[in-house]
Amino acid sequence: IATIFRSGLESESSCVAADAEQFESHLEKALAVEDADAFNCLAGMYLHGCDGRQANAAKAREYFDKAVELGSVEAAVSLGAIFYNGIGGVAKDARRAFELYNKAAEGGSKEAWKNLAIMYSRGDGVPKSTTTAAEIMKVVFGVDASKAGNVE
């Protein structure tokens, strides 16, 4: 419900306008019951400095960690990207990124599977294996990466 009030929802039968006060109220309720999506949302707000929050990479990582702990696949992908790219003052850590992407992939994230294929093709955080990268692309995406010559 919080996300509806954050950005609004339009459909043929109804339109709910964005409402910051309602958004905050529903977000707080979701955080109180430890909803993974709420922590992921809050982390994103701190990462990007939006919805009345100042950008704060440390808080973003803290809330992404909590969301991952609570089972958010999306948070695992985001936190993996933070470690892979060294965002917000975090030292680049391909191994940690791989672990997070792997957790998200196990949870069904195609974005995480793509990132894992890229990491295998480059040997970032794992031993290089173009065979594994190609197999991921074939099984998960139905793409014959060996013919394409590149998983990226």
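Preceding block: the structure.
Residues numbered from 1 in each chain as written. Predicted model: local features only at pLDDT ≥ 70, side-chain atom pairs only at ≥ 80, totals over all residues. Heavy atoms only, no water.

## Focus: the overall build of the protein chain
- Within the protein chain, the regular secondary structure consists of 9 helices and 2 strands.
- With 152 residues in all, the protein chain has 37% of them scored as buried.
- Taking as baseline every contact in the protein chain between residues at least 6 positions apart, the subset at least 24 positions apart corresponds to 35%.
- Of the roughly 8,600 Å² of accessible surface on the protein chain, 49% is carried by carbon and sulfur atoms. (Helix = DSSP H or I, 4+ residues; strand = E, 2+ residues; numbered from the N terminus. Buried < 20%, exposed > 50% of the residue type's maximum accessible area, 1.4 Å probe, protein only. Contact = heavy atoms within 4.5 Å. Areas by Shrake-Rupley, 256 points an atom, 1.4 Å probe, with all protein chains shown as cover.)

## A short note on the packing of helix 5 (residues 73-85) against helix 6 (residues 94-106)
- With their axes 8 Å apart at the nearest point, helix 5 and helix 6 run at an angle of 160° to one another. Between helix 5 and helix 6, the angle falls in the class roughly antiparallel. The way helix 5 lies across helix 6 gives a crossing that is left-handed. In this structure, helix 5 uses Val 73, Ala 76, Val 77, Leu 79, Gly 80, Ala 81, Phe 83 and Tyr 84 to contact helix 6, whose residues at the interface are Arg 96, Ala 97, Leu 100, Tyr 101 and Ala 104. (Axes fitted to C-alpha atoms, helices over the stretch in contact; angles between N-to-C directions. Parallel < 35°, antiparallel > 145°, perpendicular 65-115°, else oblique. Left-handed = near helix turned anticlockwise from the far one by under 90°.)

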